[in-house]
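# An overview of the molecular structure
What follows is each chain in one-letter form.
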Amino acid sequence: MTYAITQTCCNDATCVAVCPVNCIHPTPEERAFGSTEMLHIDPRACIDCGACADACPVDAIFPVDALSAGQREYADINAAYYEGGEPAPGATEGPNFHVWGEPVFGRSLPSDFGPLRVAVVGTGPAGMYAAQDLLLHTAAEVTLIDRLPVAGGLVRYGVAPDHPATKKVGDTFSRFHSHPRVRMHLGIEVGRDVTAEELAAHHDAVIYAVGASTDRRLGIPGEDGPGCLSATSFVAWYNAHPEAVAQGVDLSAERVVVVGNGNVALDVARILVADPEALAGTDIAAHALEALRASRVREVVVLGRRGPEDAAYTRSELLALKHLPGVELVVDDHDPRTGAAIDAAGAGDRAGLLRGLARVRTDAVAPTTPDGAARRIVLRFHSEPVEVLGDGGVRTVRVTDGGGGAADLAAGMLLRAIGYRGLPVPGLPFDEASGTVPHEGGRVAGLPGGYVVGWIKRGPSGGIGANRTCAAETVGTLLADAVAGALPAPTGDSKAFRRLARRRNRRVVDARGLAAIDRAERDRGRRDGRPRVKLATVEELVATARAGRLLRLSR
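A few points on the structure. (Residues numbered from 1 in each chain as written. Predicted model: local features only at pLDDT ≥ 70, side-chain atom pairs only at ≥ 80, totals over all residues. Heavy atoms only, no water.)

## Topic: the environment of Phe113
- Looking at the secondary structure, you find Phe113 in the loop between α3 (73–80) and β5 (117–121).
- With a relative accessible area of 23%, Phe113 lands in the partly exposed category.
- Along the backbone, Phe113 and Thr138 are 25 residues apart, and their C-alpha atoms lie at a distance of 8.8 Å.
- Not counting the four nearest positions on each side in its chain, Phe113 is found in contact with Leu479, Ala482 and Val483. (Helix = DSSP H or I, 4+ residues; strand = E, 2+ residues; numbered from the N terminus. Buried < 20%, exposed > 50% of the residue type's maximum accessible area, 1.4 Å probe, protein only. Contact = heavy atoms within 4.5 Å.)

## Notes on the sheet that holds strand β18 (residues 406–410)
- If you trace the three strands from one edge of the open sheet to the other, you get β16-β17-β18, paired in antiparallel fashion. Looking at strand neighbours, the two that pair on one side only are β16 (385–389) and β18, the edges of this open sheet. In this sheet, adjacent strand axes meet at a mean angle of 20° when their direction is disregarded. (Pairing = 2+ DSSP bridges. Axes fitted to C-alpha atoms, helices over the stretch in contact; angles between N-to-C directions.)

## As for the sheet that holds strand β12 (residues 299–303)
- In space, the seven strands of this open sheet follow the order β10-β19-β11-β12-β15-β13-β14, with parallel pairing throughout. The open sheet has two edge strands, β10 (228–230) and β14 (358–360), and neither has a second partner. Between one strand and the next, the sheet's axes are offset by a mean angle of 25°, whatever the strand orientation.

## Some points on the packing of aromatic side chains
- Following the criterion strictly, the structure yields five aromatic pairs and no others.
- Summarising the aromatic geometry, the rings of Tyr81 and Tyr82 are spaced 5.1 Å apart at their centres and angled 85° between planes, so their arrangement reads as edge-to-face.
- Ring centres 5.4 Å apart and planes at 90° place the aromatic pair Phe234 and Tyr238 in the edge-to-face group. With a gap of four residues between them, Phe234 and Tyr238 both fall in helix α9 (residues 231–238), about one helical turn apart.
- Counting every residue linked through ring pairs, the aromatic cluster contains Phe234, Trp237 and Tyr238. (Phe/Tyr/Trp six-rings, centres within 6.5 Å; stacked < 30°, edge-to-face > 60°.)

## Re helix α10 (residues 263–273)
- Counting buried positions along α10 yields nine of eleven residues, so the element is predominantly enclosed.
- Restricting attention to buried positions, one finds in α10 the residues Ala265, Leu266, Asp267, Val268, Ala269, Arg270, Ile271, Leu272 and Val273.

## Considering the pattern of salt bridges
- Scanning all chains against the criterion turns up 37 salt bridges.
- Where Arg361 meets Asp333, a salt bridge forms, and the shortest distance between an N and an O atom there is 3.0 Å. In this pair, Arg361 is assigned in the loop between β14 and β15 (375–380) and Asp333 in the loop between β13 (327–332) and α14 (336–344), connecting sequence segments 28 residues apart.
- Through salt bridges with shared partners, a single network forms among Arg156, Asp518, Glu521, Arg522 and Arg532. (Salt bridge = Lys/Arg side-chain N within 4 Å of Asp/Glu carboxyl O.)

## Section: a positive patch on the surface
- Taken together, the side chains of Lys495, Arg499, Arg503 and Arg506 present a region of like positive charge at the surface.
- Mapping Arg503 onto the fold places it in helix α17 (residues 494–504). (Patch = residues over 30% accessible without salt bridge, like charges linked within 9 Å, V, L, I, M, F, W, Y side chains within 5 Å. Areas by Shrake-Rupley, 256 points an atom, 1.4 Å probe, with all protein chains shown as cover. Lys, Arg positive; Asp, Glu negative; His and termini not counted. Charge placed at Lys NZ, Arg CZ, Asp CG, Glu CD.)

## Examining the packing of α9 against α10
- One way to put it is that α9 packs onto α10 with a least axis distance of 11 Å and a crossing angle of 45°. Between α9 and α10, the crossing angle belongs to the class labelled oblique. The way α9 lies across α10 gives a crossing that is left-handed. Every residue of α10 that contacts α9 at Ala231, Phe234, Val235 and Tyr238 is listed here: Val264, Asp267, Val268, Ile271 and Leu272.
- Each residue belonging to the contact of α9 with α10 can be placed in one class, and the counts come to eight nonpolar, no polar and one charged. (Parallel < 35°, antiparallel > 145°, perpendicular 65-115°, else oblique. Left-handed = near helix turned anticlockwise from the far one by under 90°. Nonpolar A, V, L, I, M, F, W, Y, C, P; charged D, E, K, R; others polar.)

This is the structure:
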């Protein structure tokens, strides 16, 4: 029996580090790392030790004979990655078909290297991987800062609620929230409550992990009208982001058009047609669950500008969509290039995954189906929107038909999911073209002691696990600068910064307040048979944090 890596693989390569026979690839040292959609276990070399499954932060690794019906394809996906590869010379007499390379020690700190005070701005995966690296490998004191009064970032507010395994990476990060060398200041925004200069004055270095919080626009007529939303805001809505409008999504139409065919596009399409009762067992926002229960949406049309061979979604996410109960996945064959690409594709090609799906023509009017009838997702390639029509709301989305003309699709909402974009951080340089902060190995250009990690560093590419290697590079650069004496000396200490932060914002949440929020949400969830019920406003979060802190002090 061997193990296989499945859909929720986060690519952070924790499993690679614990594998005793080097059978998980690509490794962070290999060129393909970061360009493959997931990691793969070689069934020829796996010795069934289970170390990788124990170490996986997102429960993505299982014995092949324990895979569910919807996961069995992953045994073939793992094996196919190694097809044609020959065992390394000298390794055929044992189970290890992959030769270990020479050990590499990328960092070397002097024995008298003293503790640093480092601020990390942002508590999503990028920031927490950086904090974890510093806490585990140095004696650094870390100040965690987030503009929201709760930690988690992308894990809390970006991962779809029906992907609970992916959210488990948050448990890995949360154990550092109460670390003795961590100080937490949640609800503090750089540029509003404190300046970048003030932050730098109280720390040896500052790492900015602020992500890419806005979205790219389509640039078409009607895009700014009611009923046209970004996927960013829709995801925030169903994930109970405190800045999302709780009652702001109209699901009264039978068809929704989603522009883009990356993983986020598939996420929003899936949530729109999923069984609300299945979602009721997740941490989806209460207001979103109520709206989805009353939803009339029966069809989601996903538009892709290019063909199925160039789709941006990962194979894992598409495979999951094919097994969604009560939902039919079909392909629009309005353009002959779509069917030709599917028919010509190999079994392992992206377009080949669509073989066997029904091919339909998307009519101008959404198909009328009775409540309880099967819903469907239509993948329409070689098509993009050119105009949104409707007075007081979306009524029609005009799209290209692949032949130089246009077709009108009746729809009640349009969601754009064509990518994220970073915003400028006050006090830091910013590249408007890429939406990132200019840097060299994570070191901010022209700002000694300033560093970046995650999407604000490299642009909106790569999933959760990609931030681990990204953070390792940035922390490595920071430590090299510290050893070289290139970090400016701070003029204030951690106590002075704490006083400054609380003077500027009386609603700052610390680690105890965060723990109170976590307890309250889990308690609410237990009453409803859910993992947690999220507090959905800043006021609720702050009040719960304060109440929990006062309760602890009164004991």
